[in-house]
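Structure at a glance
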Amino acid sequence: MKDTNFSIKVNDFLAWNAFADSIEFSDKFSTSLPQLHTWVACTISIKNGDDKTVFLDIYNTSYELQNHCDVCGQGYIQTKNIEHLFLKCYADYDENLLEEDELSFDSKYATIDLEDVLVQEIQLRDEIKKMCKTCEESSNSQVLETPEQNNIKRVYTQ
Ligand SMILES: [Zn+2]
């Protein structure tokens with residue numbers, strides 16, 4: 001069974017029974033990420049703001065994607081890591097007023113679901129042009145050669 005539950009309980013934080021805690025996600029799977037090769041893992045540090053606010057620091061979100069190289073067509077696995085994400089989570093907040101790093105959740109359930117946030121962040125970091133290691137290395141060496149050649153040309157024409 002794949003673990004698709006990305007939610008964390010924050011009722012203790014809203015009731016001031018907890019002030020700081022840390023949770024590990026080790027093998028989360030999202031159906032919104034069909035290219036996910038294994039699972040999503042991260043460490044979430046929770047702090048309370050007030051009886052309506054919880055702060056989340058999400059560290060080392062790591063995951064592997066099954067990609068296809070746009071140059072040679074080979075399938076390859078890409079390992080990625082998002083070092084740090086910060087979220088301010090408000091109970092029953094107006095969704096229309098939310099800023100980029102803010103989230104609203106229902107105080108009745110006192111549960112914050114991180115699936116959409118993490119899926120969005122992962123999709124945001126998806127390269128438009130996909131390249132396997134071999135093709136990336138050969139294109140990097142071409143990029144390095146070009147400015148040198150340009151310099152030489154410039155020296156000659158001056
Ligand atoms: Zn390739």
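Conventions we followed
Residues numbered from 1 in each chain as written. Predicted model: local features only at pLDDT ≥ 70, side-chain atom pairs only at ≥ 80, totals over all residues. Helix = DSSP H or I, 4+ residues; strand = E, 2+ residues; numbered from the N terminus. Buried ≥ 20, exposed ≤ 12 C-beta atoms within 10 Å, placed from the backbone. Pairing = 2+ DSSP bridges. Axes fitted to C-alpha atoms, helices over the stretch in contact; angles between N-to-C directions. Core = buried A, V, L, I, M, F, W, Y, C linked by C-beta atoms within 7 Å.

1. Side note on unusual backbone geometry
A positive phi is found at tryptophan 16, a non-glycine position, where the angle reads about 65°. Note that tryptophan 16 resides in the loop between helix 1 (11-14) and strand 2 (20-28). Residue class for tryptophan 16 comes out exposed when judged on the 10 C-beta atoms lying within 10 Å of it. Although it is not a glycine, alanine 110 adopts a positive phi angle of roughly 50°. Among the secondary structure elements, alanine 110 is positioned in the loop between strand 6 (102-105) and strand 7 (111-113).

2. Things to note about the environment of glutamate 83
Relative to the elements of secondary structure, glutamate 83 occurs in strand 5 (residues 75-91). With 41 residues separating them in the primary sequence, glutamate 83 and cysteine 42 have C-alpha atoms 9.4 Å apart.

3. Remarks on the sheet that holds strand 3 (residues 40-50)
What the five strands build is an open sheet, ordered 2-3-4-5-6; its pairing is mixed. Strands at the two margins of the open sheet, each flanked by one partner only, are strand 2 and strand 6. Each strand of the sheet is rotated relative to its neighbour by a mean of 30°, with strand direction disregarded. As judged from the 15 bridges shared by strand 4 (residues 53-68) and strand 5, these two strands associate in the antiparallel manner.

4. Some remarks on the nonpolar core
Ranked by internal contacts, the top residues of the largest apolar core, which has 20 residues, are Ile8, Val10, Ile44, Ile46, Val54, Leu56 and Ile112. Elements supplying a minimum of two residues to this core: strand 3, strand 4 and helix 2 (115-124). When residues of this core are assigned to their parent elements, the largest contribution, five residues, is made by strand 4.

5. Some words on the pairing of strand 5
Linking strand 4 to strand 5, which pair antiparallel, is a turn of six residues; within it glycine 73 sits at a positive phi near 80°. Taken together, the four bridges between strand 5 and strand 6 define a ladder with parallel strand orientation. Note on strand 6: the bridge partner recorded for alanine 91 is phenylalanine 105.

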